[in-house]
Amino acid sequence: MTVTLFDTHAQIESVRPELERRIAEVIDTGRFILGPEVAAFEEEFARYLGVRHVVGVANGTDALTLSLRALGIERGADVVVPSFTFYATAEAIVNVGAKPVFCDVDLDTFNITAETVERALTSATGAVVAVHLFGMPAPMTELRELADERGIALVEDAAQAAGARIDGKRAGSFGDAASFSFFPSKNLFCLGDGGAIATSRDDVAERARLLRTHGSRDKQSYAAIGVNSRLDAIQAAVLRVLLPRLDEANAARRALAAAYEEACATAGLDGEVRLPAAAPGAEPVHHLYVTRVERPDELVRALSEAGIEARSLYRAPIHRQPPMAQFAAGAELPGTDRAAETNLALPMGPTHPPEVARRVTEALRAALCGPPRP
Ligand SMILES: Cc1ncc(COP(=O)(O)O)c(C=O)c1O
């Protein structure tokens, strides 16, 4: 049987009767966009994150765009952002009229640090976007200190990190605003597109709520030029089924990560396969389990022959994508380039049993060292 890279389908099947019942209940209400179901999810997710407000929107990209706009980041501002992330993180900055300034990442965590951000600050910097990449928390305490010192806004792109913690606090509760995506492969997901903004700032929540509904509160008068970006009630109902199970699912991901660590150490692969290493105080949620190896393409082929899905991500980082070249002149990001060249995601998910780690590690060992001696 093929070992898949992630396991959304198995997670859905494990709660399918409850999902079907809750979706049927929403159909009966006849309220399909925003409304009480979305408000209930917003309240529950805010409580879970330890923030004052959650604002449900149509997807994670809009959550980022509207977070920036709600913070007043628009034309003329520079926004520091990693290049080693999903394209949407930087795309949102361009779409609000601001300029992305790419900063480098630490190879151990794949994340930005206060030091890499500091090198990219300019006199026009209005905000920093920290991404918790692959579910590895970015160092929010030092980034918060830096942002406060410089008087700039801090935004968290927490699309890949629902439930992660840093020093006991949830990812998404450190920034002036944080964005979440509920795309079906994410740790907290719905059955289509969905997203949310988390913030403890009343002014940011108020502005984001206005912007997501065309800048109007009453559909009669308009206080801003907004967008149409609302969370659907059916998706909120799905999220309300999955949110109470998120911590258990994330713990299962960490158990699989521990099984990978044990299997790799036993197979003597520590030197050749660098496993994800969380920073002190960080509790990762392993959205993807991304290792670092030399020649990842050869290993993808070897694993595929053994019936195991594996993939390298963001092979061309954002500053090397042609539409972003106008913002990348002179950008030297050696950590980013190295991360792009050497990363390899291995199967990870809450319904993957620990045997997956042993099977994958055995296939890696065979590819790197040849068949075991008789
Ligand atoms: C880091 C990151 N940022 C932003 C997004 C955009 O989210 P969405 O696809 O819901 O628009 C994603 C997800 O796809 C992501 O992984």
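Going by the structure above, here's the rest.
What comes next concerns the included structure. (Residues numbered from 1 in each chain as written. Predicted model: local features only at pLDDT ≥ 70, side-chain atom pairs only at ≥ 80, totals over all residues. Heavy atoms only, no water.)

1. So, the sheet that holds strand β1 (residues 53–57)
Adjacent strands of a sheet form backbone hydrogen bonds with each other and so pair up, either parallel or antiparallel. So the rule is basically this: Two strands are said to pair when DSSP picks up at least two bridges between them. The way it works is that DSSP assigns letters per residue, a run of H or I at least four long becomes a helix, a run of E at least two long becomes a strand, and they are numbered from the N terminus. Each axis is a line fitted through C-alpha atoms, and for a helix only the stretch in contact is used; angles between axes span 0 to 180 degrees, taken between their N-to-C directions. In what follows, a contact means two residues having at least one pair of non-hydrogen atoms within 4.5 Å.
Here seven strands make up an open sheet; going across it, the order is β1-β9-β8-β5-β4-β2-β3 and the pairing mixed. The open sheet is flanked by β1 and β3 (99–103), the only strands paired with a single partner. Between one strand and the next, the sheet's axes are offset by a mean angle of 25 degrees, whatever the strand orientation. Along the sheet, helix α8 (residues 202–212) contacts β1, β8 (177–181) and β9 (195–199); its crossing angle with β1, the most-contacted strand, is approximately 15 degrees.

2. Re the nonpolar core
Cut-off, in case you're wondering: To define a nonpolar core, start from buried Ala, Val, Leu, Ile, Met, Phe, Trp, Tyr and Cys residues and group those joined through side-chain atoms within 4.5 Å. Burial classes follow relative accessibility: with a 1.4 Å probe on protein chains only, a residue under 20% of its type's maximum area counts as buried, one over 50% as exposed, and anything between as partly exposed.
Membership of the largest hydrophobic core comes to 37 residues, with the highest contact counts inside it found for Phe84, Ile112, Val117, Phe134, Met140 and Leu143. Within the residue set of this core, elements represented by two or more residues are β3, α6 (114–120), β4 (125–131), α7 (140–150) and α12 (334–342). Those residues in contact with Phe84 that lie beyond four places of it in its chain are Val105, Phe110, Leu133, Phe134, Leu313, Tyr314, Thr336, Ala339, Ala340 and Asn343. Core analysis: the second largest hydrophobic core is formed by 35 residues, Val55, Val57, Ile197 and Ala208 among them.

3. Here we look at the site of the ligand
Test applied: For this description, a residue counts as near a given molecule or strand if any of its non-hydrogen atoms is within 4 Å of it. What qualifies as a polar contact is a pair of N or O atoms within 3.5 Å, subject to a donor-acceptor requirement within protein and to the restriction that residues adjacent in sequence count only when both atoms come from side chains. The method behind every accessible area is Shrake-Rupley, applied with a 1.4 Å probe, and residues are considered shielded solely by the protein chains displayed.
Around the ligand, 13 residues are found, and the nearest of them are Gly60, Thr61, Asp157, Gln160 and Ser181. Here Lys186 contributes a side-chain N or O atom positioned 3.1 Å from an oxygen atom of the ligand. Protein chains shield 91% of the accessible area of the ligand, which is 380 Å² for the free molecule. Breaking the shell around the ligand down by element, the ones donating at least two residues are α4 (60–70) and α5 (87–95).

4. Re α8
The complete set of buried residues in α8 reads Val204, Ala205, Ala208, Leu210, Leu211 and Arg212. Residues of α8 that are buried make contact with α3 (35–49), β1, α4, β8 and β9. Two residues or fewer after α8 comes His214, characterised by a positive phi angle close to 60 degrees.

5. Points about the pattern of salt bridges
To keep things clear, this is the line we draw: Salt bridges are defined as contacts in which a side-chain nitrogen from Lys or Arg sits within 4 Å of a carboxyl oxygen from Asp or Glu.
Taken as a whole, this structure holds 31 salt bridges when the rule is applied. The salt bridge partner of Glu115 is Arg119, with a shortest N-O separation of 3.4 Å. With a gap of four residues between them, Glu115 and Arg119 both fall in helix α6, about one helical turn apart. Glu115 sits in the exposed class, given a relative accessible area of 54%. Take Arg119: its relative accessible area is 59%, and that puts it in the exposed class. Linking Glu283 and Arg254 is a salt bridge whose minimum nitrogen-to-oxygen distance equals 3.5 Å. Taken together, the residues span a long stretch of sequence, with Glu283 in strand β10 (residues 282–283) and Arg254 in helix α10 (residues 246–266) at a distance of 29 residues. The structure contains a network of salt bridges with shared partners spanning Arg21, Arg22, Glu25, Glu37, Glu44 and Arg240.

6. Description of the packing of α4 against α8
As a reminder of what qualifies: Any angle from 65 to 115 degrees is called roughly perpendicular, while one under 35 is roughly parallel, one over 145 is roughly antiparallel, and all others are oblique. Rotating anticlockwise by less than a right angle from the far helix to the near helix defines a left-handed crossing, while the corresponding clockwise rotation defines a right-handed one.
Following both chains from N to C, one finds α4 and α8 inclined at 125 degrees, their axes separated by 9 Å at the closest point. Between α4 and α8, the angle falls in the class oblique. Judged by the twist between their axes, the crossing of α4 over α8 is right-handed. Here Leu66, Arg69 and Ala70 of α4 come into contact with α8, specifically with Val204, Arg207, Ala208, Leu211 and Arg212.

7. So, the packing of aromatic side chains
Stated precisely, the cut-off is as follows: To pair, rings of Phe, Tyr and Trp, with the six-membered ring standing in for Trp, must have centres within 6.5 Å; the planes then decide the type, stacked if under 30 degrees apart, edge-to-face if over 60, and tilted in the middle. By the criterion adopted, a ring carries a charge over it if an Arg CZ or a Lys NZ lies within 6 Å of its centre and within 35 degrees of its normal.
On inspection of all chains with the given rule, the structure shows eleven aromatic pairs. Residues Phe84 and Phe134 carry aromatic rings whose centres are separated by 6.0 Å and whose planes lie at 85 degrees to one another, so their mutual orientation is edge-to-face. Of the two residues, Phe84 is situated in the loop between β2 (78–82) and α5 and Phe134 in the loop between β4 and α7; the sequence distance between them amounts to 50 residues. Taken individually, Phe84 and Phe134 each receive the classification buried, so the pair is uniform in this respect. Ring pairing ties together the aromatic residues Phe41, Phe45, Tyr48, Phe180 and Phe182, which thus form one cluster. The lysine or arginine in question, Lys169, covers the ring of Phe174, its NZ or CZ lying 4.5 Å from the ring centre. Sitting over the ring of Tyr48, Arg170 keeps its end group 4.1 Å from the ring centre.

8. Describing the side chain of Ser185
Here Ser185 is to be found in the loop between β8 and β9. Classification of Ser185 as buried rests on a relative accessible area of 13%. With residues near it in sequence (within four places) discarded, Ser185 still touches Phe6, Thr8 and His287.

What is shown is where atoms sit, not what they do.
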